[in-house]
Amino acid sequence: MTLKKSDIKKIVNIETNKIAYEIANKISDKTDVASLENNIVAIAYVLIIIKEHPNSPTNSLDDFIDFITLDNRVKEALKREITKDLWECALELTHKDYDTEALKALILFNRNYSFNKNRMAYLSSTPDSLSELAKRILDIKNGDSLLDLCSGTGSFFSRVAIDNKDVNYNGVEINYKVNDIAVLRTSLITDVYNFEIGDAFTYNAVISGGGIYVKNMFDKIFSNYPFNVRLDVQAECKIHIRDYYRINHNICFGASSDWILNAKIVSMLKENGKAVAIMTNGATLNKNDKDIRKFLVQRGNVEAVINLPEKLFPGINISVSMIVFGNNNKFVRLINAEKNFSEVDKQIVLSENNISEILEKLSYGGNDTIDIEINSEKLKENDYKLYAPYYTNKPLISEGEPFGNVIKSISRGSQRPDALKDAISDSPTEYKYVSLSNINNGLVDINNEGQYLKEITKGFSKYVIPDNAMILSKIATPTFRSAIVNSEYNQKLVATGNIYIIEIDTTKANPYYIQAFFDSDLGEKTLLHSSIGTVAKTISAEALKNMIIPLPSLEKQNEIASKYQAYLDELVILKNKVNKVIEKKRNCLEKGEI
């Protein structure tokens, strides 16, 4: 039943959405959302077999499968995915007489998840345009041993098969239901494949004689691994990485799951091999990944990092980079490909032209790229950050000073929501807490009577906002919020959550001038320019300190600050008037005005 290479190329562009929707509608009341994609693929598979073996017994799925000569892995997958009710649906669908080539195209290439809002479906299939880019970077040849770590539904193998059928396919996936789709898909391509149900963190590691070694090495590796994996899941792998590379435990102890798996990938790569992984943008510059980034860069394992456009994964607002691994690299090429995208049917994708543009940057450099030697001071001074915009984006302000030059101190608000909840008072006190929702238009607006706190404990005292200090949101919603705190009526305010408390050195800057700048269009753009995006735009304390701000003479600052404060006072008066009108409007019925 395996397809020839020429047949695979013929069916790749066949329209299959209509068939997928018809099968989905037929079985929707016989399955759940999480299993829908699996069931569609499985039913399409048996419809092909029924067409090819019209005289086979169909009174039950077991009788049917036992009668047909099939790989045991395929049989097991079909038995798991097709219940008695779904088998009856499949038999009814035989009357549709779907084209066999269209059914094969559906199994291999249909990625339309608009009928499936299950988050797992989005995460377990790599978008085709991303798979295509990775495939071309890897330059897979016939005869190569290929590993897909966290292989999901086998969507990457489907893309590889368009050009390279005779590859030794290996996949590792922890979710057996997702793996069933991979088995069914890959069985249409080749008989030579090996899928393991297992944990990517512990896969292929053999402990022997007090040491650890890798059982199998590969020519090419691809991985679209899960992001932000819990620390307890990574623990064993961190020990493996430490022992395999014989490195200090501190190098991998605080590292993110992205870099633990990156190190795992490198350990399984042959001397002349190449690997590609998809990671979060945050992992390219987070401080806790500094040491492991440094280690792999200085070993010559990091060839390039491509900062990709946002929203490439359907239904998930996440920003990612593609990292390319090899051996004996003397420099790292960082590429900003944020603008290399197209929109097709309201979905962000990499078109053929976009992929070609990115590959040209990867091969030859040019605009939006930077090459940095692996032992350079530039990498060292910047904590081995591997995020192209950090180096290539020019500051919006050409003349100014780092914000850090005028900061006396910067700290975060309380990260203890449970303790805060216990401290809430039912009656008025001299303490209130401030959340992001209270910061609007340069003002701290706290009207909620439920925001009183009991007497401040020692643990909360460090979160009390000093008078004349600035508070600034760590997360953009959709822009960053800021205000200057002036305690009224001896009331003390406690910062919570994702809020920075910033004390300004008033001998160098007027806090209200800084606030006026942050509240301006230029200030808003400057903050966003210094932020990074994964699920949301965030700004680190380090990025704030390094951010260039305009800093005229203190006399000029005071002049601007005075005007800004006058506008804030006017805004407060207008808000009070609006609130009074709203109150009158609400009470006009009770007062007999209607």
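Before any of the text, the structure's been laid out above.
Cut-off values and rules
- Residues numbered from 1 in each chain as written.
- Predicted model: local features only at pLDDT ≥ 70, side-chain atom pairs only at ≥ 80, totals over all residues.
- Heavy atoms only, no water.
- Pairing = 2+ DSSP bridges.
- Helix = DSSP H or I, 4+ residues; strand = E, 2+ residues; numbered from the N terminus.
- Axes fitted to C-alpha atoms, helices over the stretch in contact; angles between N-to-C directions.
- Disulfide = S-S within 2.5 Å.
- Buried < 20%, exposed > 50% of the residue type's maximum accessible area, 1.4 Å probe, protein only.
- Right-handed = clockwise from strand over helix to strand, strands pointing away.
- Salt bridge = Lys/Arg side-chain N within 4 Å of Asp/Glu carboxyl O.
- Polar contact = N/O pair within 3.5 Å; in protein donor to acceptor, adjacent residues only side chain to side chain.
- Contact = heavy atoms within 4.5 Å.

## Considerations on the sheet that holds strand β19 (residues 452–453)
Sheet architecture is open: three strands sit in the order β19-β16-β22, paired in mixed fashion. Edge positions in the sheet fall to β19 and β22 (492–495), since each of these pairs with one other strand and no more. Two elements, strand β16 (residues 431–434) and β19, share two bridges in a ladder whose sense is antiparallel. Within β19, the position partnered with Y431 by the bridge is L453.

## Observations concerning the sheet that holds strand β9 (residues 320–325)
Taken together, the nine strands give an open sheet; going across it, the order is β3-β2-β1-β6-β7-β9-β8-β10-β13, and neighbouring strands pair in mixed fashion. Edge strands, defined here as strands with exactly one partner in the open sheet, are β3 (193–197) and β13 (369–373). Taking each pair of neighbouring strands and ignoring which way they run, the sheet shows an average axis angle of 15°. Strand direction decides the pairing type here: strand β1 (residues 145–149) and strand β6 (residues 218–223), joined by four bridges, are parallel. Along β6, the bridge assignment pairs D148 with F222.

## Comments concerning the state of the cysteines
On inspection of all chains with the given rule, the structure shows zero disulfides. Looking at the unpaired C150, the closest cysteine sulfur is the one in C237, lying at 11 Å. Exposure remark for C150: the relative accessible area of 16% places this residue in the buried category. No disulfide involves C237; its sulfur sits 8.7 Å from that of C252, the nearest cysteine. C237 gets classed as buried once you look at its relative accessible area, which sits at 0%.

## Looking at the pairing of strand β2 (residues 168–173)
Most of β2 sits out of view: five of its six residues are buried. At this point the chain moves from β1, through helix α10 (residues 155–163), to the parallel β2, and the crossover so formed is right-handed. Bridge analysis of β2 against β3 gives five bridges, and the strand direction is parallel. Each residue of the ladder has a partner; that of G171, found in β3, is F195.

## Thoughts on the pattern of salt bridges
All chains considered together, the criterion is met by 30 salt bridges. Two residues, K135 and D163, come together in a salt bridge whose shortest N-O distance is 2.6 Å. Here K135 is found in helix α9 (residues 128–138), whereas its partner D163 is found in helix α10, with 28 residues between them in sequence. A salt bridge links K270 to D219, with the nearest nitrogen and oxygen atoms 3.5 Å apart. Here D219 lies in strand β6 and K270 lies in strand β7 (residues 269–280), a separation of 51 residues in the sequence. A network of salt bridges, in which partner residues are shared, links K9, D128, E132, K135, R136, R159, D163 and E352.

## Some words on the side chain of K220
Looking at the secondary structure, you find K220 in strand β6. Residue K220 is classed as buried on the basis of its relative accessible area of 10%. At a separation of 2.9 Å, a polar atom in the side chain of K220 contacts the main-chain carbonyl oxygen of D139. When neighbours within four sequence positions are excluded, K220 is seen to be in contact with L138, D139, I140, K141, D144, S145, L146, L147 and K274.

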